[in-house]
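Topology and contacts: notes
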Amino acid sequence: MKKEDCIFCRIAGGEIPSKTLYEDEKFRVILDLGPATRGHALILPKEHYADLYELPEDTAAEAMRLAKKMAGIMAGKLHADGFNLVQNNGEAAGQTVMHFHLHLIPRYKNDGQHILWKPQTVSQEELEEIQKQITE
Ligand code: AMP
Ligand code: ZN
């Protein structure tokens, strides 16, 4: 299903033009309009899924296969020194467009970006409690 008022549905479907790097039946890969670095791109499924939780498993697998293929091509052609895959789910995690997308971010030495977090401390007891909470 497409969503009428979803900008990524409209871009993925070709209704709104974009700088497309790749397209097939299920996905469109576009250049991000607010790039973190030179070549920052987004993998968009053509169907509307709000986030990773809604994404069917086979589509998730296909998206990751496509990410690997695009990362290889982009890193080579753009002479990137590194590469980040980023995928945000929910406002608390920084998601601003509620249509699943996978960020492809080529990295360059001294590009001035920080896709990192500030490590916190955690005790063995806390780790055990978290492990139990997730696995039991
Ligand atoms: P997120 O914060 O993970 O939801 O990422 C949304 C991304 O979409 C941001 O990197 C935006 O720069 C990008 N973006 C928003 N609107 C457009 C658009 N019309 N075309 C291309 N990229 C967009
Ligand atoms: Zn959508």
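Please refer to the structure higher up on the page.
What you are looking at is a predicted structure, and each value in this text was computed from that prediction instead of being measured.

A few words now on helix H3 (residues 124-135). A rise of 1.5 Å per residue sets the reference length of H3, with its 12 residues, at 16 Å; its end C-alpha atoms lie 16 Å apart and thus fit the reference within 8%. Little of H3 sits inside the fold, with 0 of its 12 residues counted as buried.

Take the coordination of the zinc ion (ligand 2) next. On the protein side, the zinc ion (ligand 2) has Cys6 (SG), Cys9 (SG), His48 (ND1) and His99 (ND1) as donor atoms, found 2.1 to 2.3 Å from it. Between the 4 donor atoms coordinating the zinc ion (ligand 2), the angles at the centre fall across 105 to 117 degrees, so the site counts as tetrahedral. Of note, the donors binding the zinc ion (ligand 2) are all from one chain and are spaced C-x2-C-x38-H-x50-H. Residue Cys6 is located in the segment before helix H1 (7-12), and its partner His48 is located in the loop between strand S3 (41-45) and helix H2 (57-78); the two are separated by 42 residues in the primary sequence. The buried category is assigned to Cys6, whose relative accessible area is 7%. Residue class for His48 comes out buried when judged on its relative accessible area of 15%.

Now for the pattern of salt bridges. A complete count under the given rule lists 5 salt bridges for this structure. Across the pair Glu15 and Arg10 runs a salt bridge whose closest N-O atoms are separated by 2.9 Å. Given a relative accessible area of 34%, Arg10 falls into the partly exposed group. When salt bridges with common partners are traced through the structure, they connect Glu23, Arg28 and Lys46 into a single cluster.

Our focus in this paragraph is the site of ligand 1. Around ligand 1 lies a shell of 16 residues, among which Asp32, Gly94, Thr96, His101 and His103 are the nearest. Contact distances for ligand 1 include 2.9 Å between an oxygen atom and a side-chain N or O atom of Asn88. Burial of ligand 1 by the surrounding chains reaches 80%, relative to a free accessible area of 510 Å². Of all the secondary-structure elements, those providing two or more residues to the shell around ligand 1 are H1 and strand S2 (27-31). With 3 residues, H1 is the single largest residue contributor to the shell around ligand 1. Among the residues making up the shell around ligand 1, the classes are represented as 8 nonpolar, 7 polar and 1 charged.

Definitions and cut-offs
Here, residues in each chain are numbered from 1, in the same order as that chain's written sequence. Chains carry letters and ligands carry numbers; both start at the beginning, A for chains and 1 for ligands, and go up in the order they are written. Given that this is a predicted model, residues contribute local features only at a pLDDT of at least 70 and side-chain atom pairs are listed and counted only at 80 or more, while totals for whole chains, interfaces and linings are drawn from all residues. Derived side-chain values reflect all non-hydrogen atoms in the structure, with water molecules and hydrogen atoms excluded from consideration. Where helices and strands are cited, they refer to DSSP runs of H or I of at least four residues and of E of at least two residues respectively, numbered from the N terminus. A helix is expected to span 1.5 Å for every residue after the first. The buried label goes to any residue with under 20% of its type's maximum accessible area, the exposed label to any with over 50%, and the partly exposed label to all in between, with areas taken from a 1.4 Å probe on protein chains only. Counted as donors are the N, O and S atoms within 2.8 Å of the metal, or 3.2 Å for Na, K and Ca, while water is not among the atoms, so some sites may look incomplete. A four-donor site is called tetrahedral if each angle lies between 85 and 135 degrees; a four-donor site is square planar, and a six-donor site octahedral, when trans pairs exceed 155 degrees and the remaining angles lie between 65 and 115; all other cases are labelled irregular. Here, a salt bridge means any side-chain nitrogen of Lys or Arg that lies within 4 Å of a carboxyl oxygen of Asp or Glu. Throughout, near means a residue has at least one heavy atom within 4 Å of the molecule or strand. Polar contact is the term for a pair of N or O atoms within 3.5 Å; when the atoms are in protein, one must be able to donate a hydrogen and the other to accept it, and sequence-neighboring residues count only if both atoms are side-chain atoms. In these tables, accessible area is a Shrake-Rupley quantity obtained with a 1.4 Å probe, and a residue counts as shielded only by the protein chains included in the view. Polarity classes work like this: nonpolar for Ala, Val, Leu, Ile, Met, Phe, Trp, Tyr, Cys and Pro, charged for Asp, Glu, Lys and Arg, and polar for all others, with Gly in that last group.

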